[in-house]
Amino acid sequence: DRMPNKLIPRFDPVSIAELSFKPWEPERYPCFNMALDIAKRGGTWPAALCGADDAAVKAFLEGRIGFLEIETVIREALKSHEPNLDPSIDDVIVAAASARSCVADIVGG
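Let me sum up the structure you'll find in this document. (Residues numbered from 1 in each chain as written. Predicted model: local features only at pLDDT ≥ 70, side-chain atom pairs only at ≥ 80, totals over all residues. Heavy atoms only, no water.)

Points about the pattern of salt bridges
If you walk through the whole model with that rule in mind, you get six salt bridges. One salt bridge connects Arg100 with Asp54, and the closest N-O pair in it is separated by 3.0 Å. Note that Arg100 is positioned in helix α5 (residues 89-107) and Asp54 in helix α3 (residues 45-61), a separation of 46 residues in sequence. When its relative accessible area of 36% is taken as the criterion, Arg100 is described as partly exposed. Overall, the relative accessible area of 42% leaves Asp54 in the partly exposed class. Close ionic contact of Arg64 with Glu62 constitutes a salt bridge, the shortest N to O distance being 2.8 Å. Connected via shared salt-bridge partners are Lys58, Glu62 and Arg64. (Salt bridge = Lys/Arg side-chain N within 4 Å of Asp/Glu carboxyl O. Helix = DSSP H or I, 4+ residues; strand = E, 2+ residues; numbered from the N terminus. Buried < 20%, exposed > 50% of the residue type's maximum accessible area, 1.4 Å probe, protein only.)

This is how it looks when you write it as structure tokens:
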């Protein structure tokens with residue numbers, strides 16, 4: 001959910017008229033490459049990643065961890081993930097919940 005902000009206009013690509021792109025800098029965005037690697041594993045891995053990410057970002061927003069700790073916390077939580085490569089929807093839900101719980105244990109909350 002996004003909060004409306006009248007100070008930030010809605011993005012209109014036509015009014016911009018020109019966009020430029022720069023080469024990807026993976027060292028600046030380590031969570032992006034981690035997410036791609038996890039997604040390729042399949043099974044319950046992506047659900048675990050989403051759960052860990054959700055909990056780590058929540059911990060950051062609550063001031064319990066720093067921004068640069070998000071990646072570390074996610075990676076640590078995923079170390080204990082036991083994947084199911086042919087999951088049911090219940091397995092996916094459990095994987096996400098388990099990863100959230102693991103992050104809570106890591107950050108103390």
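Here's the deal with α5
In this model, α5 (19 residues) spans 28 Å end to end at C-alpha, consistent with the 27 Å of a helix rising 1.5 Å per residue. Among the residues making up α5, those that are buried are Ala95, Ala96, Ala99, Cys102, Val103 and Val107. Each buried residue of α5 sits inside an arc of 125° when the element is viewed along its axis, so together they form one side. For α5, the exposed residues set more than 90 degrees away from the buried face come down to Asp90, Ile93, Val94 and Asp105. Each element contacted by the buried residues of α5 is listed here: α3 and α4 (70-78). (Expected span 1.5 Å × (residues − 1). Arc of directions from axis to C-beta. Contact = heavy atoms within 4.5 Å.)

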